[in-house]
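# Examining the three-dimensional arrangement
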Amino acid sequence: MPGIVRDFLKIPNIISECRIIIAVYILFLFQSEKYLLAFIWYIIGAASDWLDGYAARALGQVTTLGKALDPFADKVFYLSSLVSVGIPTALHLQIIPLLVLELFLLGVGIYGLRLVLKNPSCRIETGANKWGKRKAFLEMVLFFMFFLEKVKTDPDDFSLVYVSIPTLWAAIACAALSLYFHCSSLQKHPAWYYHPRW
């Protein structure tokens, strides 16, 4: 366990951990109607998604824990941010598939993280695949659209809601493909058949 503790304290993993905290803070800021501050922290959180991977490679601190923690932090950050900013009423039903897929992806991420915490030598791959990265980018675009819709002062201004529909369904498709490839990857690994107990 000391090895895992050391991994938690490595700079790239601290950045991933901070992204989870930022996600909670953004939720608080939106509830407090501090929209500009929430937007600034969203930019910081999104930038940390790139920064932790860069830091891991630059500092030679790529760890199995980091490979599991980074995508877990991503899912928490992007999912909670979308919920925090507020889903336009016209999209309430259409966004349900994305939220459901994100919850499944979060479950896969938690499972992979548990495997790594229980068995640090586990070589299971839980990192983001190309579809997951595309989904994250599309969710970022959706966040900006929803944010601009939320803060506009004139209801008669051009609405981004209907423009966001193709982006939303592209994100849903990417989420489904990401989940499929994650599950396929896990099934090929012996750890899939091992259920860790705390």
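Everything here concerns the structure above.
Right, let's walk through the structure included here. Worth saying up front: this structure is predicted, and the values here are computed from it rather than measured. (Residues numbered from 1 in each chain as written. Predicted model: local features only at pLDDT ≥ 70, side-chain atom pairs only at ≥ 80, totals over all residues. Heavy atoms only, no water.)

## Examining unusual backbone geometry
Residues other than glycine seldom take positive phi values, yet Glu33 does so here, at roughly 60 degrees. Relative to the elements of secondary structure, Glu33 occurs in the loop between helix H2 (11-31) and helix H3 (35-58). For Glu33, a relative accessible area of 58% translates into the label exposed. (Helix = DSSP H or I, 4+ residues; strand = E, 2+ residues; numbered from the N terminus. Buried < 20%, exposed > 50% of the residue type's maximum accessible area, 1.4 Å probe, protein only.)

## What about the packing of helix H4 (residues 64-85) against helix H6 (residues 130-151)?
Contact pair H4 / H6: the axes reach a minimum separation of 9 Å and the direction vectors enclose 15 degrees. On the basis of their axis angle, the class for H4 and H6 is roughly parallel. Read as a crossing pair, H4 and H6 show a hand that is left-handed. Contacts between H4 and H6 involve Tyr78, Ser81, Leu82 and Val85 on the former and, on the latter, Ala136, Glu139, Met140, Leu142, Phe143, Phe146, Phe147 and Lys150. Broken down by class, the residue content of the contact of H4 with H6 amounts to 9 nonpolar, 1 polar and 2 charged. (Axes fitted to C-alpha atoms, helices over the stretch in contact; angles between N-to-C directions. Parallel < 35°, antiparallel > 145°, perpendicular 65-115°, else oblique. Left-handed = near helix turned anticlockwise from the far one by under 90°. Contact = heavy atoms within 4.5 Å. Nonpolar A, V, L, I, M, F, W, Y, C, P; charged D, E, K, R; others polar.)

## Some details on the side chain of Lys75
As for its placement among the helices and strands, Lys75 is situated in helix H4. We note that Lys75 is buried and unpaired, the nearest opposite charge coming from Glu102 at a distance of 6.3 Å. The residues contacting Lys75, other than those within four sequence positions of it, are Ser80, Glu102, Leu105, Leu106 and His182. (Lys, Arg positive; Asp, Glu negative; His and termini not counted. Salt bridge = Lys/Arg side-chain N within 4 Å of Asp/Glu carboxyl O.)

## Focus on the pattern of salt bridges
For the structure on display, the rule yields 5 salt bridges. Among the salt bridges present, the one from Arg19 reaches Asp74, with a minimum N-O distance of 2.7 Å. Of this pair, Arg19 sits in helix H2 while Asp74 sits in helix H4, and the two are 55 residues apart along the sequence. When sorted by exposure, Arg19 lands in the same class as Asp74, which is buried. Between Lys135 and Glu139 there is a salt bridge; the shortest N-O distance is 3.4 Å. Here Glu139 and Lys135 lie together in helix H6, a separation of 4 residues that amounts to about one turn. Looking at Glu139, the relative accessible area reads 1%, which means it is buried. One salt-bridge network, in which partners are shared between bridges, spans Arg19, Asp52, Asp70 and Asp74.

## Observations regarding H6
Helix length check: H6, at 22 residues, gives a terminal C-alpha distance of 32 Å against a target of 32 Å (1.5 Å per residue), a fit within 8%. Of all the residues in H6, the buried ones are Gly132, Lys135, Ala136, Leu138, Glu139, Leu142, Phe143, Met145, Phe146, Phe147 and Glu149. (Expected span 1.5 Å × (residues − 1).)

## Examining the packing of H2 against H4
One can describe the packing of H2 onto H4 by two numbers: an axis separation of 9 Å at closest approach and a directional angle of 10 degrees. With respect to each other, H2 and H4 are oriented roughly parallel. The residue makeup of the contact of H2 with H4, split by class, is 13 nonpolar, 6 polar and 4 charged.

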